[in-house]
Amino acid sequence: MRARVMKRRSPAKRVSQTEEVPLSGAMYGALLKTCGHDNCCQSPSSGNKATTEVDVLEGKYSFPPFNLSLMSHIPRLYTRPALRKYTKQPIFYGNEKKVWLRPTAIEQLVELKHVYLSAKIVSGSSEHEKYGVSVYVGDIEGLKGFSIYEEKGEVVIGGNTSPTVLEVACLEGHKKLGKRRFVLEAIRKQLKYFAGRQIRNTATPAGNIVTASPISDLNPVLIASGTVLTAQSKTRGQFPLPMKEFFVAYRMTALPADGIITKLTIPLPVEATQEVIKSYKQAKRKDDDIAIVTARFGVVLAEGSVVTDISLAYGGFVHYPTIN
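The protein appears in an unreviewed UniProt entry as FAD-binding PCMH-type domain-containing protein from Choiromyces venosus 120613-1.

Visitor: Hey, could you run me through the overall build of the protein in this one?
Guide: Counting its secondary structure elements, the protein contains eight helices and 19 strands. Considering the protein as a whole, with its 324 residues, one finds that 43% of them fall into the buried category. Nonlocal contacts in the protein, meaning residues at least 24 apart in sequence, comprise 56% of its contacts between residues at least 6 apart. Carbon and sulfur atoms make up 53% of the accessible area of the protein, which totals about 18200 Å².

Visitor: Would you mind going over the confidence of the model for the protein with me for this structure?
Guide: Atomic detail in the predicted coordinates should be set aside for any region of low pLDDT. Averaged over every residue, the pLDDT of the protein is 75; the share at 70 or more is 70%. The model gives residues 1–55 a pLDDT under 50, and that stretch makes 105 contacts with residues more than four places away or in other chains.

Visitor: What's the story with the sheet that holds strand β9 (residues 146–149) in this structure? I'm lost.
Guide: Within a beta sheet, neighbouring strands are joined by backbone hydrogen bonds and run either parallel or antiparallel to one another. The strand order across the open sheet formed by five strands is β9-β10-β15-β11-β12, and the pairing between neighbours is antiparallel. Pairing within the sheet leaves two strands with one partner each, and these edge strands are β9 and β12 (237–242). Here the strands of the sheet are splayed against their neighbours by 20 degrees on average, with no regard to which way each runs. Judged from the five bridges that link them, strand β11 (residues 228–233) and strand β15 (residues 260–267) form a sheet pairing that is antiparallel. Its bridge partner lying in β15, T230 is registered against K263. Of the strands in this sheet, β9 and β10 (154–158) touch helix α4 (residues 163–177), which is tilted by about 15 degrees from β9.

Visitor: Which parts of the structure should I look at to understand unusual backbone geometry?
Guide: Leave glycine aside and you will find that most residues have negative phi; peptide bonds, for their part, are mostly trans. A positive phi angle, near 60 degrees, is found at A212, a position not held by glycine. With respect to the secondary-structure elements, A212 resides in the loop between α7 (205–210) and α8 (219–224). Judged by relative accessible area, which is 0%, A212 ranks as buried.

Visitor: Before we go on, may I ask you to explain the side chain of S123 in this structure?
Guide: Counting through the fold element by element, S123 comes out in the loop between β7 (120–122) and β8 (133–136). Here S123 falls in the buried class, since its relative accessible area comes to 13%. Those residues in contact with S123, other than ones at most four positions away along the chain, are Y136, V137, G138, N160, T202 and T204.

Visitor: Before we go on, may I ask you to explain helix α5 (residues 182–192) in this structure?
Guide: Burial analysis of α5 places eight of its eleven residues in the buried class, the great majority of the element. Among the residues making up α5, those that are buried are F182, V183, L184, A186, I187, R188, Q190 and L191.

Visitor: I tried to follow the pairing of β10 on my own but got confused; where do I start?
Guide: On a regular strand, one side chain projects to one face of the sheet and the next to the other, so that they alternate. Burial analysis of β10 places four of its five residues in the buried class, the great majority of the element. Here β9 pairs with β10 via four bridges, running antiparallel. Note on β10: the bridge partner recorded for I148 is V155.

Visitor: Can you help me understand the pattern of salt bridges in this one?
Guide: A side chain with one charge can pair with a side chain of the opposite charge if their charged atoms come near. Under the counting rule described, the total for this entry stands at eleven salt bridges. In this structure, the salt-bridge partner of E167 is R197, at a minimum N-O distance of 3.3 Å. Here E167 is found in helix α4, whereas its partner R197 is found in helix α6 (residues 197–202), with 30 residues between them in sequence. Note that E185 and R188 form a salt bridge whose closest N and O atoms lie 3.1 Å from each other. Taken together, the positions of E185 and R188, both in helix α5 and three residues apart, correspond to about one turn of that helix.

What counts as what
Residues numbered from 1 in each chain as written. Predicted model: local features only at pLDDT ≥ 70, side-chain atom pairs only at ≥ 80, totals over all residues. Heavy atoms only, no water. Helix = DSSP H or I, 4+ residues; strand = E, 2+ residues; numbered from the N terminus. Buried < 20%, exposed > 50% of the residue type's maximum accessible area, 1.4 Å probe, protein only. Contact = heavy atoms within 4.5 Å. Areas by Shrake-Rupley, 256 points an atom, 1.4 Å probe, with all protein chains shown as cover. pLDDT = per-residue confidence, 0-100. Pairing = 2+ DSSP bridges. Axes fitted to C-alpha atoms, helices over the stretch in contact; angles between N-to-C directions. Salt bridge = Lys/Arg side-chain N within 4 Å of Asp/Glu carboxyl O.

Rendered as structure tokens:
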């Protein structure tokens, strides 16, 4: 593949020259095989290189290769009428060593994860250099959202909702829920000092949870609050995963290899009770720093301020978040 490049000979004379130069690794290669091992996706599958549409899921979903010539039309997208008409489409591009996929629906993501067990799910600033297959999920609207169901007594958060959106939603929900609000304030407090604003704009709760960091800012709050994850896979469909049982060892979780997290459900205390929750993060500096230890303390009070339940969750004490 060749591309035209403009070269300036002299800043003073502003004389430009057009030259064709080869681009390495710009061809669309065949999709990669996988057997579930980390190094499996480094081996290309047999077959000819794709030049038109590539059916990555036995013909069920079609991911057209990304056409670099479309880049010349990008400035037009920034006009308001063009943005209104823009429709997100699945995209595939890559070569024999690296493949990048962008599904636009949960069903497509589930199918991809079933086929490529070791694929890296990417959203925002994920680390994905060593993975042969990367799947970007930032354009799947079904994984985003924040809802409060007071009658059911629960808060539902989309697994791909950004911390920035979640921070604002928790603040608004905190004002609405009265005595049942403390869990939202605990989440918002942790998010306030979670990395920098650029990261909070692109990170996700699901990614933070599945990473299974021993010093995660959010996991102790979610565990002690009784959060239940909703996972989905092609083999099992949708199924619940309580966070109290989610972390099994260092950087290991109960999520199946072909599973994804679609949403988080946080229970609220019943009307007649009051739950007091406090969350803490200790680090070398206040802003944009990795935690030394994190904690979440919660007490449930019945009428007459009688303690009916207490939960203490910690991060940074052992190899994965724990609860007492």
